[in-house]
Amino acid sequence: MRDLPGFDTFAADQAQPLARTALSLAGDPAAARALVVTALSAVAARWSTVRWSFPAHAARDALYAAYLKRPRARGAAHGHGHSTPGTDTAALAEALTGLTPRRRALVVACFHDGHTVWQAAGLCRTDARTAHTETVLAVAELRDRLPASFVAGAPPDGIPSGPIGSPPASEGSGADGGSPASGPSPAPWTSPSEADQTAAPPAVPASQPPGSTGPDDRGDGPWEAALRRELAALSAEMPVLDPVPLAAEAARAGRRHGGRRRALVTTMSVTLAALVVVPLAFGAAGLLGRAGRSADSPGVLDESAAAPTLPPSLPAPVRFAYRGFCTADDWDMFSEELADNGCAQWRVVATTGEQWRVADVSPVLSDGWQPLLAISGDGNRMAYFSAASSDFVLIDRRDTTTRRTDMVPLAEKVSPEDTHLVISPSGRWMAADFGPAAEALHPRVQNLSNYRVRALPRRMRVLAVSDDGTVTGTATWDSDTPGRLTTTVLLRVRPNGRTLSRTPIDSALFQAGVAVSPDGRAIAVAAERAHPAEDDHGLLVTLDSATGRVLTRREPALPEDARVIAVRGWASEHEVIVEAEALGDDEDEDEDEAEYSVHAVDVRTGAARPISLDEAGGVPGLWVPGTLR
């Protein structure tokens, strides 16, 4: 692989360790292999930048992200590998299927891969405090389901007695998996410093008690040790993968998705001449990489510092909200918990520049990057998914007492990862959908004047709700049409379920965000020309929400080297809020070092004006606009 030097060796080294983790997550060898391909392709897409910066870590991070994004489709709820019926391993495989995807991932990260709770929280896209609580609950749930004899088993033949969380000997030691006893020699894909760290597993201290699973035990009792043992036995059932076709498949997928300016040709019935959709969705890892950098300079944003909680009322409308960022200084090594300073909580910033913490916003990100928080365009109302009540709550800035909306009935459970929330420009209506799964709740819309909730008759991905209650969204179903597997339509639906309009559309148009105009007639999306020039800034396109017809198509007048990466909302009747990224002249520069900015772009002319979120020019990793002008 001339364009990916060393990648085939890296894939051969890492495929089997990744596959063992993937089987523990997915419970099915075929689904596990698909997860490995996804993880390796994510690394291949950024091979030039991650090759010398611990690509094995990047692959494992991508593996967990892929599992959490589509756990059901990847077999998390079905299939139990090839465990012998009646064994502890089979019992554990069955018990794991009862956990939520996130809890299962946390258990695998801590008890199979040997990560700390802090590290597992990063893999599972949540904060450490939530990860600790969820892990404790997951272990309690497993203990409840597994027989008492589970603790008494012995390690099966072939299961190593060393630390489960440590890398196998083959990781970083060459494709042949040979022992590095003769001295570490870097594999073709490792930097010299990384080879020293990955050439061999850490030695077990002589003082370590017999039967311990290694330095990550930290006082584990017999039951936790049995859980580690049986997870290792479960993962050992993963068939050996042939690295050659696996690496080739991952490399092909990586090349397809590796360019920074990737494009997907739209297949709309309304032709978007010379347009290609840009799959610009933020990855959670990239967001975390940006978080905290704005705190290096004085300004409004101070993502890692404490802020006061909400007062009884706010003196001014909310301009925007952003999520705080915890640093290593916020972590208590002894209690394995974050300091109680609210560092990871969301903060709202008023038009006066004052800011306050909102303690109860769920840390889960929908679709891997979208916060479950929405602010009305006038900045007076905010709705979010509550981590405590597992329902949406509403806050009015004139009375910040939280009010549960009852959008989620008490007896129902929803998956926050699949949930989407919107609120109307004046805060009169809110709407939410709960994902495409057959067992998921139907989308719901609520009148915030009388708090009446209505369920919509059709499953749809909610994009916006207007001040008259009209919901704009997309609906997708399986299709037998030649050349496509699914059909997607753009819908406008009244609260009573009556469909106002319906037109075929390509759902990939909305991967970089979508913003429906205040009057509900236009939809703004980010796109790219089929053959963009080197200095192209991307395109801002508006579509008619009823017909899908292109209304305007303009290249924003952004600063040099900047390009549109996301649509955030509408600043006025004619201006759309976009986020831009500038990578500079170095084509190999890591995306985490990019500069980000926010602009209001006139959809009629393409004229752009900067919007400052922070006096120092910073843009937080996770933020939501309010009355941003």
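The residue numbers shown here count from 1 along each chain, following its written sequence. The predicted nature of this model means local features are confined to residues of pLDDT at least 70 and side-chain atom pairs, given and counted, to a pLDDT of 80 or more, with totals for whole chains, interfaces and linings taken over all residues. Side-chain calculation: all heavy atoms of the structure are included, whereas hydrogens and water are not.

## A few points about the pairing of strand β21 (residues 499-504)
Rule in force here: A strand pair is defined by DSSP finding two or more bridges across the two strands. Only DSSP runs of H or I reaching four residues or more are called helices, and only runs of E reaching two or more are called strands; each is numbered from the N terminus.
In terms of strand pairing, strand β20 (residues 486-493) meets β21 through five bridges, oriented antiparallel. The residue bridging L490 from the neighbouring strand is T503, located in β21.

## A word on the packing of aromatic side chains
Formally: Any two of the Phe, Tyr and Trp rings considered here, Trp counted by its six-membered ring, make a pair once their centres fall within 6.5 Å; the pair's planes then place it as stacked at under 30 degrees, edge-to-face at over 60, or tilted in between. Buried means the residue's accessible area, taken with a 1.4 Å probe over protein chains only, is under 20% of the maximum for its type, while exposed means over 50%, and partly exposed covers the values in between.
Evaluated as defined, the whole model comprises four aromatic pairs. Where F320 meets Y322, the ring centres are 6.2 Å apart and the plane angle is 35°; that geometry is what we call tilted. Between the aromatic rings of F385 and F392, the centroid separation amounts to 5.3 Å while the plane-to-plane angle is 75°, which identifies the pairing as edge-to-face. Here F385 falls in the buried class, since its relative accessible area comes to 4%. With relative accessibility at 0%, the residue F392 sits in the buried group. Within the aromatic cluster, the residues linked to one another by ring pairs are F385, F392 and F434.

## Considerations on the packing of helix α2 (residues 29-45) against helix α4 (residues 55-69)
Worth spelling out the cut-off: Each axis is a line fitted through C-alpha atoms, and for a helix only the stretch in contact is used; angles between axes span 0 to 180 degrees, taken between their N-to-C directions. When an angle is under 35 degrees it counts as roughly parallel; over 145 it counts as roughly antiparallel; between 65 and 115 it counts as roughly perpendicular; any other value is oblique. Crossing chirality is assigned from the near helix's rotation relative to the far helix, an anticlockwise turn below a right angle marking it left-handed and a clockwise turn marking it right-handed. Note on contacts: a residue pair is in contact if any heavy atoms of the two residues lie within 4.5 Å. Asp, Glu, Lys and Arg are counted as charged, while Ala, Val, Leu, Ile, Met, Phe, Trp, Tyr, Cys and Pro are counted as nonpolar; the rest, among them Gly, fall into the polar class.
Their axes nearest at 8 Å, the elements α2 and α4 cross at an angle of 130°. Judged on the interaxial angle alone, α4 and α2 are oblique. Crossing of α2 against α4: the hand is right-handed. Counted together, L35, V36, T38, A39, A42 and V43 of α2 and P55, A58, A59, A62, L63, A66 and Y67 of α4 form the full contact between these two elements. A per-class count over the contact of α2 with α4 returns 12 nonpolar, one polar and no charged.

## Examining a negative patch on the surface
Note the following rule: Patch membership needs two things, relative accessible area over 30% and no salt bridge, and members are linked within 9 Å if like-charged or within 5 Å if nonpolar (Val, Leu, Ile, Met, Phe, Trp, Tyr). Throughout, the Shrake-Rupley method with a 1.4 Å probe supplies accessible areas, and for residues the shown protein chains are the sole cover considered. The term salt bridge refers to a side-chain nitrogen of Lys or Arg lying within 4 Å of a carboxyl oxygen of Asp or Glu. Lys and Arg are tallied as positive, Asp and Glu as negative. Neither His nor the chain termini are counted. By convention, the point assigned to a charge is CZ for Arg, NZ for Lys, CD for Glu and CG for Asp.
A contiguous patch of negative charge on the surface is contributed by E534, D535, E560 and D561. Mapped onto the elements, E560 comes out in the loop between β25 (550-554) and β26 (562-570).

## Considering the sheet that holds β20
With antiparallel pairing, the four strands of this open sheet are ordered in space as β18-β19-β20-β21. In the strand order of this sheet, the two ends are held by β18 (461-465) and β21, each with one partner. Strand-to-strand, the axes of this sheet are offset by a mean angle of 20°, without reference to chain direction.

## Focus on the pattern of salt bridges
Inspection of every chain in the model, using the stated rule, returns 20 salt bridges. Across the salt bridge formed by E417 and R102, the nearest N and O atoms sit 2.9 Å from each other. In this pair, E417 sits in the loop between β13 (399-404) and β14 (420-423) while R102 sits in helix α6 (residues 101-111), placing the two residues 315 residues apart along the sequence. Taken individually, E417 and R102 each receive the classification buried, so the pair is uniform in this respect. Between D391 and R404 there is a salt bridge whose closest N-O contact spans 2.8 Å. Separated by 13 residues along the polypeptide, D391 in the loop between β11 (381-385) and β12 (392-396) and R404 in strand β13 bring together distant segments of the chain. Taking relative accessible area as the criterion, D391 reaches 0% and is therefore assigned buried. Salt bridges here are not isolated pairs; linked through shared partners, they connect R103, E134, E141 and R145.

## Observations concerning the environment of G469
Topologically, G469 is positioned in the loop between β18 and β19 (471-478). In the structure, G469 is positioned 25 residues away from R494 in sequence and 6.4 Å away in space, judged by C-alpha atoms.

## Quick look at unusual backbone geometry
Positive phi values are uncommon outside glycine, yet D406 reaches one of about 60°. Structurally, the position occupied by D406 is in the loop between β13 and β14. For D406, a relative accessible area of 47% translates into the label partly exposed. For D561, which is not glycine, the phi torsion reads 75° and is therefore positive. For D561, the location among the structural elements is in the loop between β25 and β26. Exposure remark for D561: the relative accessible area of 37% places this residue in the partly exposed category.

## Looking at the environment of E134
Mapped onto the secondary structure, E134 falls in helix α8 (residues 128-145). Residues E134 and V107, spaced 27 residues apart in sequence, show a C-alpha to C-alpha distance of 9.1 Å. Leave out the neighbours within four places in its chain, and E134 touches R103 and L106.

## Comments concerning empty space enclosed by the protein
Rule in force here: Here a cavity denotes grid points, spaced 1 Å and computed from the protein atoms alone, that fit a 1.4 Å probe unable to get out, and a pocket denotes an open set having protein on both sides within 12 Å along at least 5 of 7 lines; residues with an atom within 4 Å of a point are the lining. Grid points are joined across faces, edges and corners, and a volume is the space filled by probe spheres set on the points.
Under the definition given, this model contains three cavities of 30 Å³ or more. Taken together, L310, L314, V318, G379, N380, R381, M382, I395, D396 and R397 make up the full set of residues lining the largest cavity. Elements represented by at least two residues in the lining of the largest cavity include exactly β11 and β12. Looking at the lining of the largest cavity residue by residue, the classes come out as five nonpolar, two polar and three charged.

## Some remarks on the sheet that holds strand β27 (residues 575-582)
Strand-to-strand pairing in sheets goes through backbone hydrogen bonds, with the strands running parallel or antiparallel. Strand order in the open sheet formed by four strands is β26-β27-β28-β29, and the pairing between neighbours is antiparallel. A strand with exactly one partner marks an edge of an open sheet, and here the two such strands are β26 and β29 (608-611). Across the sheet, the axes of successive neighbouring strands diverge by a mean angle of 35°, strand direction being ignored. Two strands pair when backbone bridges link them, and β27 and strand β28 (residues 595-602) are joined in this way by eight bridges, in the antiparallel orientation. The partner of V578 across the bridge, within β28, is H599.

## Side note on the nonpolar core
As a reminder of what qualifies: Put simply, a nonpolar core is a bunch of buried Ala, Val, Leu, Ile, Met, Phe, Trp, Tyr and Cys residues held in one set by side-chain atoms that sit within 4.5 Å of each other.
Within the largest apolar cluster, 65 residues are counted, with the highest numbers of intra-cluster contacts made by F7, V36, L40, L142 and L227. With 10 residues, the single largest contributor to this core is helix α1 (residues 7-26). The contacts of V36, once residues within four sequence positions are left out, are A15, L18, A19, A22, L63, L241 and L246.

None of this, on its own, says anything about what the molecule does.
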